[in-house]
Amino acid sequence: MSSFLESWKPKPGTSLHFISLSVLVFIVYICYGVLQESLFTQPELKPFGWFLTWVQFAFYIPFGGIEFVMKGEFVRKIPIKIYFLLAFLSVVTMGCSNKSLKYLNYPTQVIFKSCKLIPVMIGGILMQKKTYKFVDYFAMFLLCAGLVWFSLADSTVQPNFDVTGVIIISCALTADAVIGNPQELYMKKYGAGNTEVVFYSYLIGTVYIFFIVLFEGTLLEALPLLDTHTLFKAFLFSLTGYCGVHLVLDLVVTYGALLAVTVTTCRKAVTIIISFLVISKPFTIQYVFAGGVTFLGVFLNVYSKNSESMGEGARKMMIVVYSIFRIPHEGKTSEKKVVQTV
């Protein structure tokens, strides 16, 4: 059976593998988005964002434990004190992101989460005295303009629009921008794997959030709402989020950041569209224009970071697309010929 499964599994680097990964990323994260919006905007659960995040973190612990056993990794490599920092950043990133749905609709939250470049650039300028290219500043301008436009559109169609949601999601965005550097630094320094980092970050993060929930005084009030249906939905929400992290990581490692960001950005656009179709909410054409400006800023940011390798990335894309849609009688056309047409 195992030999059959190995022979069926697409080989990394092939067009079938890329398509399979991309489709899985779309499916998993679209399900994650629908479940997140359904859970955190449910009227009776809306006030308990931190409690639901605590449940999400609690589910991540057995997921990580099972993966540890499957991979045979039982020794922690990164010192436990470092995980107190990584756990704190994880709590702010995910907790504030979830909590913001009490004040913002889901498409607005997704738009904000697409704009990690803004805090990264501001931090680089103020703290590290970095200099950036013109295209980076233009990308940040587009992102800021898109966010303001989207927020103004949100305030016109939602009478209960609250700027508190913008502040909370901005905190999540900043923590998300910060967490990448220490994660990468300590994983390389100590030779730790992604499974270890995820497991210990969420294990300690669960303790942090438990005290937040106690401080809020919502634990006893929220527990009775955790019926079988809600618990199952929270389980699926946590499972899709956990799987999504690993799928995107696989995409980045195998095909590079350019293709990975392209896939995930398209996924976010599709998620926003599905959000409007599946869950009823006010709509204005201003969302379309503001979203277009924001995603243009995202792609300019990707271009700025990968300008030297864009040609190679475009060639790879063309080869993948050609291998999928090639005309039968041109089946023997060489890869070299395809590359020359890019």
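All of the points below concern the structure found in this document. (Residues numbered from 1 in each chain as written. Predicted model: local features only at pLDDT ≥ 70, side-chain atom pairs only at ≥ 80, totals over all residues. Heavy atoms only, no water.)

### Looking at the pattern of salt bridges
Pairs can form between side chains of opposite charge whenever their charged atoms are close.
Point 1. All told, the structure shown has 1 salt bridge when counted by the stated rule.
Point 2. Ionic pairing is found between K99 and E216, a salt bridge with its closest N-O pair at 3.8 Å. Of this pair, K99 sits in helix α4 (residues 80–99) while E216 sits in helix α9 (residues 194–216), placing them 117 residues apart in sequence.
Point 3. Accessibility expressed as a relative area gives 31% for E216, which makes it partly exposed. (Salt bridge = Lys/Arg side-chain N within 4 Å of Asp/Glu carboxyl O. Helix = DSSP H or I, 4+ residues; strand = E, 2+ residues; numbered from the N terminus. Buried < 20%, exposed > 50% of the residue type's maximum accessible area, 1.4 Å probe, protein only.)

### Structural notes on the nonpolar core
Point 1. With 64 residues, the main nonpolar core has F51 and L251 as its most contacted residues.
Point 2. Setting aside its immediate chain neighbours within four residues, F51 contacts V213, L219, A222, L223 and L226.
Point 3. L86, A87, Y186 and F199 belong to the second largest nonpolar core, which has 12 residues in total. (Core = buried A, V, L, I, M, F, W, Y, C linked by side-chain atoms within 4.5 Å. Contact = heavy atoms within 4.5 Å.)

### Re the packing of helix α3 (residues 49–71) against α9
Point 1. One can describe the packing of α3 onto α9 by two numbers: an axis separation of 8 Å at closest approach and a directional angle of 155 degrees. The angle between α3 and α9 falls in the class roughly antiparallel. As for the relative orientation of α3 and α9, their crossing is left-handed in sense.
Point 2. Here the residues of the contact of α3 with α9 are counted per class, giving 16 nonpolar, 6 polar and 4 charged. (Axes fitted to C-alpha atoms, helices over the stretch in contact; angles between N-to-C directions. Parallel < 35°, antiparallel > 145°, perpendicular 65-115°, else oblique. Left-handed = near helix turned anticlockwise from the far one by under 90°. Nonpolar A, V, L, I, M, F, W, Y, C, P; charged D, E, K, R; others polar.)

### Comments concerning the side chain of S238
Point 1. Along the polypeptide, S238 turns up in helix α11 (residues 228–278).
Point 2. Not counting chain neighbours up to four residues away, the residues in contact with S238 comprise V55, Q56, F59, Y60 and F63.

### A short note on the packing of aromatic side chains
Point 1. What the rule picks out here adds up to 21 aromatic pairs.
Point 2. Taken together, a centroid distance of 6.4 Å and an interplanar angle of 15 degrees make the contact between F59 and F63 stacked. Of this pair, F59 and F63 both sit in helix α3, 4 residues apart, which is roughly one turn of the helix.
Point 3. By relative accessible area, which is 11% here, F63 ends up buried.
Point 4. Seen from their ring centres, F68 and Y200 are 6.3 Å apart, and the 70 degrees between their planes marks the pair as edge-to-face. (Phe/Tyr/Trp six-rings, centres within 6.5 Å; stacked < 30°, edge-to-face > 60°.)

### Considering a nonpolar patch on the surface
Point 1. Taken together, the side chains of W149, F283, I285, V288 and F289 make up a nonpolar region of the molecular surface, amounting to roughly 480 Å² of accessible area.
Point 2. Exposure remark for W149: the relative accessible area of 31% places this residue in the partly exposed category. (Patch = residues over 30% accessible without salt bridge, like charges linked within 9 Å, V, L, I, M, F, W, Y side chains within 5 Å. Areas by Shrake-Rupley, 256 points an atom, 1.4 Å probe, with all protein chains shown as cover.)

### What about helix α8 (residues 163–190)?
For an α-helix, the turn length of 3.6 residues means that residues three or four places apart are oriented alike.
Point 1. Compared with an ideal rise of 1.5 Å per residue, which puts 28 residues at 40 Å, α8 spans 41 Å between its outermost C-alpha atoms and is within 8% of the ideal.
Point 2. Looking only at α8, the buried set comprises G165, V166, I168, I169, A172, L173, A175, A177, I179, P182 and Y186.
Point 3. In the stretch just after α8, G191 is the one whose phi turns positive, near 65 degrees. (Expected span 1.5 Å × (residues − 1).)

### So, the environment of T164
Point 1. Of note, T164 is situated in helix α8.
Point 2. Measuring from C-alpha to C-alpha, the distance between T164 and S100 comes to 7.9 Å, with 64 residues separating the pair along the chain.

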